[in-house]
There are 4 protein chains.
Amino acid sequence: VENLEGRGPGEGVPALDRIVFFSDAVFAIAITLLAIDVRLPDLPANQTNESLIVALQGIAPKIYAFVLSFGVIAAFWLAHYRTFRVVVRVDSRLIQLNLLLLFCIAALPFPTSVLARQGDLAVADILYAGLGIAIGLVSALLWRHAVTAHLLAPSVTPEVARYVGRRALVAPVMFAISIPIAFVDPTLAWVAWVAIFPIQALISRRSTVHHPADDPDPSVPDT
Amino acid sequence: VENLEGRGPGEGVPALDRIVFFSDAVFAIAITLLAIDVRLPDLPANQTNESLIVALQGIAPKIYAFVLSFGVIAAFWLAHYRTFRVVVRVDSRLIQLNLLLLFCIAALPFPTSVLARQGDLAVADILYAGLGIAIGLVSALLWRHAVTAHLLAPSVTPEVARYVGRRALVAPVMFAISIPIAFVDPTLAWVAWVAIFPIQALISRRSTVHHPADDPDPSVPDT
Amino acid sequence: VENLEGRGPGEGVPALDRIVFFSDAVFAIAITLLAIDVRLPDLPANQTNESLIVALQGIAPKIYAFVLSFGVIAAFWLAHYRTFRVVVRVDSRLIQLNLLLLFCIAALPFPTSVLARQGDLAVADILYAGLGIAIGLVSALLWRHAVTAHLLAPSVTPEVARYVGRRALVAPVMFAISIPIAFVDPTLAWVAWVAIFPIQALISRRSTVHHPADDPDPSVPDT
Amino acid sequence: VENLEGRGPGEGVPALDRIVFFSDAVFAIAITLLAIDVRLPDLPANQTNESLIVALQGIAPKIYAFVLSFGVIAAFWLAHYRTFRVVVRVDSRLIQLNLLLLFCIAALPFPTSVLARQGDLAVADILYAGLGIAIGLVSALLWRHAVTAHLLAPSVTPEVARYVGRRALVAPVMFAISIPIAFVDPTLAWVAWVAIFPIQALISRRSTVHHPADDPDPSVPDT
């Protein structure tokens, strides 16, 4: 367990700063690389406005998949940001879980590209949902480990810890629900995925629990 | 609303540092990835200096589109940098608006690639201008929210807030003006876009309002 | 040799922060770019779930290579993180060795892509193992230089320095052992590479030496 | 002109930190993306070790170009790092020059890919040398502006300022010299480029001027 309260004399770069920094870079690259797959196919010469509109409509599934995965990575970045707002100590298990989370995030562009091309097939949906479950579970495990290994700031009460732990299960549960749906109608799996965002927002709004990362200090010290 | 004055005892990574960091990474990746599309097509063997010059001229539209989008992303990075120079508190709405801005920035390489290939068609211009309007409006909304939710340093006077808010509208207005122009002559839409840079510079120079991010402290404390 | 204890009056950005920052960005980009090569080939229309599964099985070598190289880069990032946790001074030789390490890390996606396509050939394995040896030796040299040039925190005892130096040789030794194995059976070379991870973990667990980066301060100041 | 001595009450993210951060991210992405072009062409099935070696030899020019441009970007990152070690104030002209420098760095992968494919043609060399001159001049201008606008720490004496300014001209001068050489023999242009590294090292070693970024404080405070 490391003390992270600033850099004392004779100490190198703070552990927490570096882990968060590296994570942010991986999240940012994965989220930005998604757009690389959104490209027009090679078109013959003499295109008109009408034929270009048709070509743009033809890559609509790529655009939907980009928007979906941007939302998914942004949601998990937000969860990571909120978790590390209250992490004040690091152990090697936390670093391992964090690297596993980054692995899943870095891998997401692949199922996204499969989904963009074969979103009509259940297998593409299951591949995507499977990685979604993995990201969600690793993210939830990371929080659970931070709680049980006492890596969090004292402002995080047991009530807050339980509340955040439950909210972390929304994403993996919805990804799991989407798998049987995909067998019935592959295009309906999207509904379960997109529903993650309003459900999480609803839970946050309805909750009477005060998460310190949302509002650690309501004072306005300098106005 | 978070207090961001440094890391107190038992606090994790400061919220503002991390948001700015993640944003910078997305801006940097989007701006650097633009160059990936600037590549020569496959050329037959036995090229000469003359045939290579012809091939380079053939990809001139790709180079123009790269330079334009580099300028656009750099301009919005500069606006983001200036905004977050004076943001001293964060709320969840600011984070959401910031993620929406990053989404638009990450998406820009796509309209850029369409423009590079079909810049002669009004549809390509309208797609580009449409995303330009979106980036500009979200960037302006982010500033407006920071003002109305009292997230800014006290050095930002109401006069400065209004001045920055007005200057933020230059880009979306010029992108909007370029759409009817594109219908008349697609190549003229570029003129409206490139005009954003001198107009913004002119407004900055003519202004008698003192923006704290431009010059928060004219003292030279250590010489 | 630089004093890195915070930013004094009239000093710019701390040297160590910037070196670590730049390194993290290169590690993060290299590790995330690996996934770009994991893509389905162009498939004919009218795919079924069964044909998509066959196509996914066809790119299994690409997925294995991605997972392997993610692990390798993550392991060297972890070594870099642990080294720079205790580096408190910088000299120009350290910066040079660090740039050489980043060169090797940035180059790894190339042997990874060769391995993904021709992992059945000894030449692909030797190329990969060769770069693995290079990364491992440069990483070990960087640690050795930090020790001999007195760039480390005083908490790093000679015993710790020797222990870390020995552990740093696990990766290059295992990559070297994999080369004769590759000549016998190219697919067996993987076993030597994957063995790096449990061997390093075993050494860490068996060691009675206390590395300050693993646990520099067991006190829990704020609970 | 901004005072950058830490974050006072009611201040946002320090200007200098963010500029350096954004620059590092662009440098890191550009330097890592170079490796994306180092890929084997599509090979027929049934490759042997011998045919794979032939294929690897066939992409040797791509590998050379990657190594060269990695060295060029690393050298300019090092110059940027040394400059911003002693920059303690920022003005908007410095930010503009820095964005111009980042533009040139982000653009370098394009001439690199042309060089990798047509390094036998003078036009490819001139394109590369032309961008090299641009990077070198903007880098030198940035230093000159920091000197004349009094943005540097007081530890930078006029003698140091002149010495750094002269050393900054080595790269653009050598790139300029390579252009007439390219007309005589395109492959000889490489010699002038590679010579930049030993010449810069020689100047640094021969110099009796003490650059504060190389050794601002020889004291070892914590051993």
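These numbers were taken from a predicted model, which means no experiment stands behind them.

**Overview of the overall build of chain A**
Here's step 1: Each helix and strand in chain A was counted, giving 10 helices and zero strands.
Here's step 2: Helices and strands appear in chain A in the N-to-C order α-α-α-α-α-α-α-α-α-α.
Here's step 3: Counting across all 223 residues of chain A, residues that qualify as buried make up 57%.
Here's step 4: Long-range contacts, defined as pairs at least 24 residues apart, comprise 78% of the intrachain contacts of chain A with a sequence gap of at least 6.
Here's step 5: When the accessible surface of chain A is split by element, carbon and sulfur atoms take 65% of a total near 8800 Å².

**Comments concerning helix α5 (residues 109-118) of chain C**
Here's step 1: Taken across its 10 residues, α5 of chain C has nine buried, putting it largely inside the fold.
Here's step 2: Among all positions in α5 of chain C, only Pro109, Phe110, Pro111, Thr112, Ser113, Val114, Leu115, Ala116 and Gln118 of chain C are buried.

**Let's talk about the packing of helix α8 (residues 170-184) of chain B against helix α10 (residues 196-206) of chain B**
Residue and element names in this part refer to chain B.
Here's step 1: Running from amino to carboxyl end, α8 crosses α10 at an angle of 145°, the nearest separation of the two axes being 10 Å. Crossing hand, α8 versus α10: right-handed. Facing α8, whose interface residues are Val170, Ala171, Met174 and Phe175, α10 presents Ile196, Ile199, Gln200 and Ile203.
Here's step 2: Taken together, the residues that form the contact of α8 with α10 break down as seven nonpolar, one polar and no charged.

**Here we look at empty space enclosed by the protein**
Here's step 1: Counted according to the given criterion, the structure contains eight cavities of 30 Å³ or more.
Here's step 2: Approximately 80 Å³ is the volume attributed to the largest cavity.
Here's step 3: Contributing to the lining of the largest cavity are Phe21, Ala25 and Ile29 of chain A, Phe21, Ala25 and Ile29 of chain B, Phe21, Ala25 and Ile29 of chain C together with Phe21, Ala25 and Ile29 of chain D.
Here's step 4: At the level of elements, α1 (15-33) of chain A, α1 (15-33) of chain B, α1 (15-33) of chain C together with α1 (15-33) of chain D are the ones that each hand at least two residues to the lining of the largest cavity.
Here's step 5: By volume, the second largest cavity amounts to about 70 Å³.
Here's step 6: Around the second largest cavity, the lining residues are Leu34, Asp37, Val38, Lys62, Ala65, Phe66, Pro109, Thr112, Ser113 and Ala116 of chain D.

**A word on helix α8 (residues 170-184) of chain C**
All names here are of chain C.
Here's step 1: The end-to-end C-alpha distance of α8 is 22 Å, a good match for the 21 Å that 15 residues give at a rise of 1.5 Å each.
Here's step 2: Buried within α8 we find Val170, Ala171, Pro172, Met174, Phe175, Ser178 and Ala182.
Here's step 3: Structurally, α8 contributes buried residues whose contacts are with α3 (60-86), α6 (122-148), α7 (158-167), α9 (189-194) and α10 (196-206).

**Description of the side chain of Asp91 of chain B**
All names here are of chain B.
Here's step 1: Its location among the elements puts Asp91 in the loop between α3 (60-86) and α4 (92-107).
Here's step 2: One buried charged residue, Asp91, remains without a salt bridge, the closest side chain of opposite sign being Arg93 at 7.4 Å.
Here's step 3: Only 2.9 Å separates the side chain of Asp91 from the backbone nitrogen of Leu94, close enough to count as a polar contact.
Here's step 4: Apart from the residues lying within four places of it in its own chain, the contact partners of Asp91 are His145, Ala149 and Leu151.

**Looking at the packing of aromatic side chains**
Here's step 1: Across all of its chains, the model carries 42 aromatic pairs over all chains by this definition.
Here's step 2: For the ring pair Phe66 of chain B and Phe70 of chain B, a centre distance of 6.1 Å and an interplane angle of 75° mean the geometry is edge-to-face. Of the two residues, Phe66 of chain B and Phe70 of chain B are both situated in helix α3; the distance of four residues between them amounts to about one turn of the helix.
Here's step 3: Take Phe66 of chain B: its relative accessible area is 6%, and that puts it in the buried class.
Here's step 4: Relative to Trp193 of chain C, the ring of Tyr128 of chain C lies with its centre 4.9 Å away and its plane at 40°, an arrangement referred to as tilted.

**What about the pattern of salt bridges?**
Here's step 1: Taken as a whole and judged by the stated rule, the model has eight salt bridges over all chains.
Here's step 2: Residue Arg18 of chain A pairs with Asp24 of chain C through a salt bridge whose shortest N-O separation is 2.7 Å. Residue Arg18 of chain A is located in helix α1, and its partner Asp24 of chain C is located in helix α1; the two belong to separate chains. Across the pair, exposure class does not vary: Arg18 of chain A and Asp24 of chain C are buried alike.
Here's step 3: Across the pair Asp37 of chain C and Arg39 of chain D runs a salt bridge whose closest N-O atoms are separated by 2.9 Å.

**A closer look at a nonpolar patch on the surface**
Here's step 1: A cluster of nonpolar side chains, contributed by Leu137, Leu169, Val173 and Ile177 of chain A, occupies part of the molecular surface with about 310 Å² of accessible area.
Here's step 2: Tracing the backbone shows Ile177 of chain A in helix α8 (residues 170-184).

**Here we look at the environment of Asp17 of chain B**
Residues and elements named next belong to chain B.
Here's step 1: As for its position among the elements, Asp17 is in helix α1.
Here's step 2: The partly exposed category is assigned to Asp17, whose relative accessible area is 31%.
Here's step 3: The sequence separation of Asp17 and Ile29 amounts to 12 residues, and the corresponding C-alpha distance is 18 Å.

**Re the packing of α1 of chain C against α3 of chain C**
All names here are of chain C.
Here's step 1: Two numbers describe how α1 lies on α3: the axes approach to 10 Å, and their chain directions differ by 170°. The pairing of α1 with α3 is recorded here as roughly antiparallel in orientation. Note on element contacts: α3 touches α1 through Phe66, Phe70, Ile73, Ala74, Phe76, Trp77, His80 and Phe84, opposite Leu16, Ile19, Val20, Ser23, Asp24, Phe27, Ala30 and Ile31.
Here's step 2: A breakdown of the residues in the contact of α1 with α3 according to their chemical character gives 13 nonpolar, two polar and one charged.

**Looking at the confidence of the model for chain A**
Here's step 1: Per-residue pLDDT for chain A has a mean of 87; in total, 88% of the residues score no lower than 70.
Here's step 2: Reported confidence for the predicted complex is 0.88 by ipTM and 0.91 by pTM.

**Notes on unusual backbone geometry**
Here's step 1: Its identity as a non-glycine residue notwithstanding, Asn46 of chain A has a phi of 60°, on the positive side.
Here's step 2: Tracing the backbone shows Asn46 of chain A in the loop between α1 and α2 (49-58).
Here's step 3: Owing to a relative accessible area of 76%, Asn46 of chain A belongs among the exposed residues under this scheme.
Here's step 4: One non-glycine residue, His150 of chain B, lies in positive phi territory at about 55°.
Here's step 5: Checked against the element boundaries, His150 of chain B lands in the loop between α6 (122-148) and α7 (158-167).
Here's step 6: Judged by relative accessible area, which is 59%, His150 of chain B ranks as exposed.

Scoring rules and cut-offs
- Residue indices follow the written sequence of each chain, beginning from 1 at its first position.
- Naming scheme: in the order in which they are written, chains are lettered from A and ligands are numbered from 1.
- Local features in a predicted model are, by the rule used here, given only for residues with pLDDT of at least 70; side-chain atom pairs are given and counted only at 80 or more, and totals for whole chains, interfaces and linings are based on all residues.
- Each side-chain value is worked out from all heavy atoms of the structure, with water and hydrogens disregarded.
- The way it works is that DSSP assigns letters per residue, a run of H or I at least four long becomes a helix, a run of E at least two long becomes a strand, and they are numbered from the N terminus.
- Buried residues are those whose accessible area, probed at 1.4 Å on protein chains only, stays under 20% of the maximum for their type, while exposed residues exceed 50% and partly exposed ones sit between those limits.
- We call two residues in contact whenever any of their non-hydrogen atoms come within 4.5 Å of each other.
- Each accessible area is a Shrake-Rupley estimate made with a 1.4 Å probe; only the visible protein chains count as cover when residues are assessed.
- Note on geometry: axes are lines fitted to C-alpha atoms, helical ones only across the stretch in contact, with angles between N-to-C directions running from 0 to 180 degrees.
- A clockwise turn of the near helix away from the far one marks a right-handed crossing, whereas an anticlockwise turn of less than a right angle marks a left-handed crossing.
- Each residue gets one label: Ala, Val, Leu, Ile, Met, Phe, Trp, Tyr, Cys and Pro are nonpolar, Asp, Glu, Lys and Arg are charged, and the others, such as Gly, are polar.
- Points on a 1 Å grid over protein atoms alone make up a cavity when a 1.4 Å probe fits among them but cannot get out, and a pocket when they form an open set with protein on both sides within 12 Å along at least five of seven lines; lining residues each have an atom within 4 Å of a point.
- Grid points are joined across faces, edges and corners, and a volume is the space filled by probe spheres set on the points.
- How far a helix is expected to stretch is found by multiplying one less than its residue total by 1.5 Å.
- Counted as positive: Lys and Arg. Counted as negative: Asp and Glu, with His and the chain ends omitted from the count.
- The working definition used for a salt bridge is a side-chain nitrogen of Lys or Arg within 4 Å of a carboxyl oxygen of Asp or Glu.
- Definition of a polar contact: a pair of N or O atoms within 3.5 Å, with one able to donate and the other able to accept a hydrogen when the atoms are protein atoms, and with sequence-neighbouring residues admitted only if both atoms are side-chain atoms.
- Between rings of Phe, Tyr and Trp, where Trp is taken as its six-membered ring, a pair exists when centres lie within 6.5 Å; planes separated by under 30 degrees are stacked, by over 60 edge-to-face, and by other angles tilted.
- Put simply, a patch holds well-exposed residues, over 30% relative accessible area, that have no salt bridge, with like charges counted together within 9 Å and Val, Leu, Ile, Met, Phe, Trp or Tyr side chains within 5 Å.
- When describing relative orientation, an angle under 35 degrees is termed roughly parallel and one over 145 degrees roughly antiparallel, while 65 to 115 degrees is termed roughly perpendicular and anything else oblique.
- Per-residue confidence from the predictor is reported as pLDDT, a score between 0 and 100.

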